[in-house]
Amino acid sequence: MSTSRHFAVDAWPSDRSLVLYVPEIEAATSVRDLCDAEAAARDLIAVLTGLDPAGIECDVRLSRRARSAPWH
């Protein structure tokens, strides 16, 4: 039986894209459309953790402004 892992994803607008930040793994990516956010976050998590993308669930939370990210 496979288990799923849940990840919170913070999202905010930046220029002409949407920044996606996954605090649990301290990684970020960006997309042009909110419709692509969950898939992009899932792919990022899978690549960096080695988890099966089918077992990754993302809760994308849109905020109005950028939060302080580790690279700033």
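The paragraphs below set out a description of the structure included in this document. None of these values were measured; they are calculated from a predicted model.

Right, let's talk about the nonpolar core for a bit. One finds Val 9, Leu 20, Val 22, Val 31, Ile 45, Ile 56 and Cys 58 to be the most contacted residues of the largest nonpolar core, which totals 16 residues. Of all the secondary structure elements, the ones that give two or more residues to this core are β1 (5-14), β2 (17-22), β3 (27-31), α1 (37-49) and β4 (56-62). If you tally residues by element for this core, the top one is α1, at six residues. With near-sequence residues (within four places) excluded, Ile 56 lies in contact with Arg 5, Phe 7, Arg 42, Ile 45, Ala 46 and Leu 51.

The next subject is the pattern of salt bridges. Using the criterion set out here, one finds three salt bridges in the structure. For the salt bridge of Arg 61 with Asp 10, the shortest nitrogen-to-oxygen distance reads 2.7 Å. With Arg 61 in strand β4 and Asp 10 in strand β1, the pair connects residues that are 51 residues apart, well separated along the chain.

This next bit is on the sheet that holds β3. The four strands are arranged β3-β2-β1-β4 in an open sheet whose pairing can be described as mixed. With one partner strand each, in any of the chains shown, β3 and β4 form the two edges of the open sheet. Shown here is a sheet whose adjacent strand axes are inclined to one another by a mean of 30°, direction ignored. Relative to β3, β2 is paired through five bridges, and the arrangement is antiparallel. When the bridges of β3 are listed, Val 22 appears paired with Ala 27.

So, about the side chain of Asp 10. Look at Asp 10 and you get buried, because its relative accessible area is 9%. Engagement of the side chain of Asp 10 in a polar contact is seen with the side chain of Arg 61, the distance being 2.7 Å.

Calculation criteria
Counting starts from 1 at the beginning of each chain's written sequence and moves along it residue by residue. Totals for whole chains, interfaces and linings use all residues, but because this is a predicted model, local features are given only for residues with pLDDT of at least 70 and pairs of side-chain atoms are given and counted only at 80 or more. Note: side-chain values were computed over all heavy atoms of the structure, leaving out hydrogens and water. In this text, buried Ala, Val, Leu, Ile, Met, Phe, Trp, Tyr and Cys residues form a nonpolar core when linked through side-chain atoms within 4.5 Å. With a 1.4 Å probe rolled over the protein chains alone, any residue whose accessible area is under 20% of its type maximum counts as buried; one over 50% counts as exposed, and the rest are partly exposed. Secondary structure follows DSSP: runs of H or I at least 4 residues long count as helices, runs of E at least 2 residues long count as strands, and numbering of each begins at the N terminus. Only heavy atoms enter the contact rule, under which two residues are in contact if any of them lie within 4.5 Å. Here, a salt bridge means any Lys or Arg side-chain nitrogen found within 4 Å of an Asp or Glu carboxyl oxygen. A pair of strands is considered paired only if DSSP assigns at least 2 bridges between the two. Fitted lines through C-alpha atoms give the axes, limited to the stretch in contact for helices. The angle between two N-to-C directions lies from 0 to 180 degrees. Pairs of N or O atoms are called polar contacts if they sit within 3.5 Å, as long as, within protein, a hydrogen donor faces a hydrogen acceptor (for residues adjacent in sequence, only side-chain-to-side-chain pairs).

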